[in-house]
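# Report on the structure
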2 protein chains.
Amino acid sequence: MRTIKLTIEYDGTNYSGWQIQPNGLAVQQVIEEALERLLGEVVRLRSSGRTDAGVHARGMAAAFTTHRDLPLRAFVEGTNRFLPADIAIIDANEVRAGFKPIGDALAKHYRYTILLSPVRSPLHRFHAWQVKERLDLKAMGEALPAFEGRHDFAAFRASNCVAKTTVRRIDSVTMRQEDGFLFIDVVGEGFLKNMVRVMVGTLVDIGKGRFAPDHIAWLLQNRDRKKAGVTAPACGLCLMKVFYPLDGRDEDESIFQPAAF
Amino acid sequence: MRTIKLTIEYDGTNYSGWQIQPNGLAVQQVIEEALERLLGEVVRLRSSGRTDAGVHARGMAAAFTTHRDLPLRAFVEGTNRFLPADIAIIDANEVRAGFKPIGDALAKHYRYTILLSPVRSPLHRFHAWQVKERLDLKAMGEALPAFEGRHDFAAFRASNCVAKTTVRRIDSVTMRQEDGFLFIDVVGEGFLKNMVRVMVGTLVDIGKGRFAPDHIAWLLQNRDRKKAGVTAPACGLCLMKVFYPLDGRDEDESIFQPAAF
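What counts, and at which threshold
- Residues numbered from 1 in each chain as written.
- Chains lettered and ligands numbered in written order.
- Predicted model: local features only at pLDDT ≥ 70, side-chain atom pairs only at ≥ 80, totals over all residues.
- Heavy atoms only, no water.
- Helix = DSSP H or I, 4+ residues; strand = E, 2+ residues; numbered from the N terminus.
- Rg over C-alpha atoms; globule rule 2.2 N^0.38 Å.
- Contact = heavy atoms within 4.5 Å.
- Areas by Shrake-Rupley, 256 points an atom, 1.4 Å probe, with all protein chains shown as cover.
- Lys, Arg positive; Asp, Glu negative; His and termini not counted.
- Charge placed at Lys NZ, Arg CZ, Asp CG, Glu CD.
- Buried < 20%, exposed > 50% of the residue type's maximum accessible area, 1.4 Å probe, protein only.
- Buried area = accessible area lost by both parts, 1.4 Å probe.
- Salt bridge = Lys/Arg side-chain N within 4 Å of Asp/Glu carboxyl O.
- Polar contact = N/O pair within 3.5 Å; in protein donor to acceptor, adjacent residues only side chain to side chain.
- Nonpolar A, V, L, I, M, F, W, Y, C, P; charged D, E, K, R; others polar.
- Least-squares fit on C-alpha atoms with pLDDT ≥ 70 in both.
- Axes fitted to C-alpha atoms, helices over the stretch in contact; angles between N-to-C directions.
- Parallel < 35°, antiparallel > 145°, perpendicular 65-115°, else oblique.
- UniProt positions renumbered as here; feature names shortened; annotations may be inferred.
- Domains from an automatic or database assignment.
- Phe/Tyr/Trp six-rings, centres within 6.5 Å; stacked < 30°, edge-to-face > 60°.
- Lys NZ or Arg CZ within 6 Å of the ring centre and 35° of its normal.

### A short note on the overall build of chain A
On a plain count of helices and strands, chain A comes out with five helices and 10 strands. Relative to the compact-globule value of 18 Å for 261 residues, chain A shows a C-alpha radius of gyration of 19 Å, a close match. Along the longest, intermediate and shortest principal axes, the C-alpha atoms of chain A span 60 × 40 × 40 Å. Sequence-distant contacts in chain A: of pairs separated by 6 or more residues, those separated by 24 or more amount to 71%. By element, 51% of the accessible surface of chain A is carried by carbon and sulfur atoms, the whole surface being about 11,600 Å². Across chain A, 35 positive and 31 negative side-chain charges occur, with their mean positions spaced 5 Å apart.

### Regarding helix H2 (residues 72-80) of chain B
The buried count for H2 of chain B comes to seven of nine residues, which makes it a mostly enclosed element. Among the residues making up H2 of chain B, those that are buried are Leu72, Ala74, Phe75, Val76, Gly78, Thr79 and Asn80 of chain B.

### A few points about the interface of chain B and chain A
Facing the 40 residues of chain B at the interface are 40 residues of chain A. Interface of chain B and chain A: buried area, both sides summed, is about 3,000 Å²; carbon and sulfur atoms make up 59% of it. Applying the counting rule to chain B against chain A returns two salt bridges. The tally of links from chain B across to chain A stands at 16 residue pairs in polar contact (both at pLDDT 80 or more). Among the elements of the structure, strand E1 (2-10), strand E3 (56-66), H2, strand E4 (87-95) and strand E8 (167-178) of chain B are those that each provide at least two residues to the side of chain B that touches chain A. With four residues, the single largest contributor to the side of chain B that touches chain A is E4 of chain B. Residues belonging to the side of chain B that touches chain A are distributed by class as follows: 22 nonpolar, eight polar and 10 charged.

### Remarks on helix H2 (residues 72-80) of chain A
Among the residues of H2 of chain A, those classed as buried are Leu72, Phe75, Val76, Gly78, Thr79 and Asn80 of chain A. Contacts made by the buried residues of H2 of chain A are with strand E1 (2-10), helix H1 (27-39), strand E3 (56-66) and strand E4 (87-95) of chain A.

### Considerations on the pattern of salt bridges
Residue and element names in this part refer to chain B. Enumeration over the complete set of coordinates arrives at 34 salt bridges over all chains. The partner of Arg111 in a salt bridge is Asp185, with the nearest N and O atoms 2.8 Å apart. Placement of Arg111 in strand E5 (residues 107-116) and of Asp185 in strand E9 (residues 181-188) is noted, with a sequence separation of 74 residues between them. No difference in accessibility class separates Arg111 from Asp185, as the two residues are buried. A salt bridge links Lys138 to Glu142, with the shortest nitrogen-to-oxygen separation between them at 3.3 Å.

### Some remarks on the side chain of Arg2 of chain A
All names here are of chain A. Within the secondary structure, Arg2 is located in strand E1. At 2.9 Å, the side chain of Arg2 forms a polar contact with the backbone oxygen of Arg68. The contacts of Arg2, once residues within four sequence positions are left out, are Phe64, Thr65, Thr66, Arg68, Asp69, Leu70, Leu72, Phe75 and Glu94.

### Looking at the relation of the copies chain B and chain A
The two copies are related by a screw motion: chain B maps onto chain A through a turn of 180° and a shift of 0.0 Å along the axis, at an RMSD of 0.0 Å. Interpreted geometrically, this transformation is the action of a two-fold axis. By C-alpha distance to the rotation axis, the residue of chain B lying nearest is His124 of chain B, at 5.5 Å.

### With respect to the packing of helix H1 (residues 27-39) of chain B against H2 of chain B
Residues and elements named next belong to chain B. Interhelical geometry of H1 versus H2 gives an angle of 110° and a closest axis separation of 9 Å. By the angle between their axes, H1 is roughly perpendicular relative to H2. Within the contact between the two elements, H1 uses Ala34, Leu35, Leu38 and Leu39 and H2 uses Ala74, Phe75, Gly78 and Thr79. In terms of residue class, the contact of H1 with H2 is made up of six nonpolar, two polar and no charged.

### So, the UniProt feature "active site" (unreviewed entry) in chain A
All names here are of chain A. This chain's UniProt record puts "active site" (unreviewed entry) on Asp52. Structurally, Asp52 is set in the loop between strand E2 (46-47) and E3. Leaving out residues up to four positions away in the same chain, Asp52 has contacts with Gly17, Lys193, Asn194 and Arg197.

### Section: the domain arrangement of chain A
Residue and element names in this part refer to chain A. Domain annotation for chain A reports domain 1 (2-104) and domain 2 (107-239). If you average the C-alpha positions of domain 1 and of domain 2, the two centres end up 27 Å apart. Between domain 1 and domain 2, the residue contacts involve 15 residues of the former and 13 residues of the latter. For the pair domain 1 and domain 2, the summed buried area comes to about 970 Å², and 53% of that belongs to carbon and sulfur atoms.

### Focus on the packing of aromatic side chains
Going through the model one piece at a time under the given rule, you end up with 18 aromatic pairs over all chains. Taking the centre distance of 6.4 Å and the plane angle of 15° together, the rings of Phe147 of chain A and Phe153 of chain A count as stacked. Using a relative accessible area of 0% as the deciding quantity, one classes Phe153 of chain A as buried. Measuring from ring centre to ring centre gives 6.2 Å for Tyr112 of chain B and Trp129 of chain B, while their planes differ by 90°; the resulting arrangement is edge-to-face. Taken together, the positions of Tyr112 of chain B in strand E5 and Trp129 of chain B in strand E6 (residues 129-131) put the pair 17 residues apart, joining distant regions of the chain. Three or more aromatic residues joined by ring pairs form one cluster here, namely Phe147, Phe153 and Phe156 of chain A. The ring centre of Phe183 of chain A lies 5.7 Å from the NZ or CZ of Arg111 of chain A, which sits over that ring.

Pasting the structure below:
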């Protein structure tokens, strides 16, 4: 029995999110069906976590077990033949038995993209949040470091989030402005439901002058969701990468030639 | 009677191109109908040129005349209320009577985006040409300068192109590799049908070793379309900007605050 870890890119626009649920089409379901067509056996994917409806991924991680003796390339190219244009397997690795996509993850990297523009942009409508108001980027930059470290993020989650503990470790939050976009990169061990989106929404409210930069530290202490900012739209969010420890071989080594051509 | 110049961004994926034609929905038609709803009068848009089906624009230029005494902002924000999410007016300027969007243009800037990857990318499927083979970027870079200057581009056009003269001036062709993408920027006074796409297709064929770098100079001399490369797909092409001389006031000055927030 082999355990195969897949790295998956998808455009979440037309899906109800990663996880299979009663209503709407889930990314997980589409990939499981493609793998079943390729392998001729029932496949159950376990992922590094869920993504909400409309959220994208450049590097979702998911694993499954199989008896089939195919080369790793076939799990990529073969599966992609059965996948729609908005989902693709971009890498495959064999990992040790018992590999746990959630439990073994060291950290995740999310990127949130804001379009800084008074007019909407048709070319970026599915992959950025357009903010029309002028933002005080200096105030936002001052607010960022308060997120870093181990904190109680109870104020930064969906009202229907059911996580038992709300303490999470955030390794870094950085902000970069380029070509009219503002990219907010968040790396952390794990995330509550909507956590990145509420973090970004609160930062934007700081940028609009609704809150002072030190409001982040106050929220981490006072844990009151109602005092945090808006939930930024799903379309601006992308799961960039899930980090795992090396596992016998270098899992970060793609089966393909490196991207540098 | 006022003459209004619009700057237009669109995602060309779902359109049959800029120009109104018997089959399919044209970008021009959608904008004319939106303007007519806003202004309550018949509107005929003249543009700086056509774009093919599936080609995008960040800065298409088009002009029309109107009796309506609206502020410039209204031509942007008012029209956008009647436009679908994949088309937007991003700027409006008043120009002198007799302004000719084609005849007065000094130059146009097109960008072609190539995704250098052995696996397809769902997130960029509508806005880049994926090239799986490893490309010799050095050979492509050596080939570029041959395009610059005034040349006969008869070899670099669609077989059904009906232009009377095939001599065009190309001001610059540059190439930049970044994050797994290859961007090819072309600035020139005017372009034959499919010209940029055949230029890019030929460059990629040089990158694949099908032609030597000096094949460009040979094609410009021999004018044989059959000896040029493939026509690169429409989805990778974007009309970035149309340049016009200053016209009393600085037309490049947006009515909006500059993008630098």
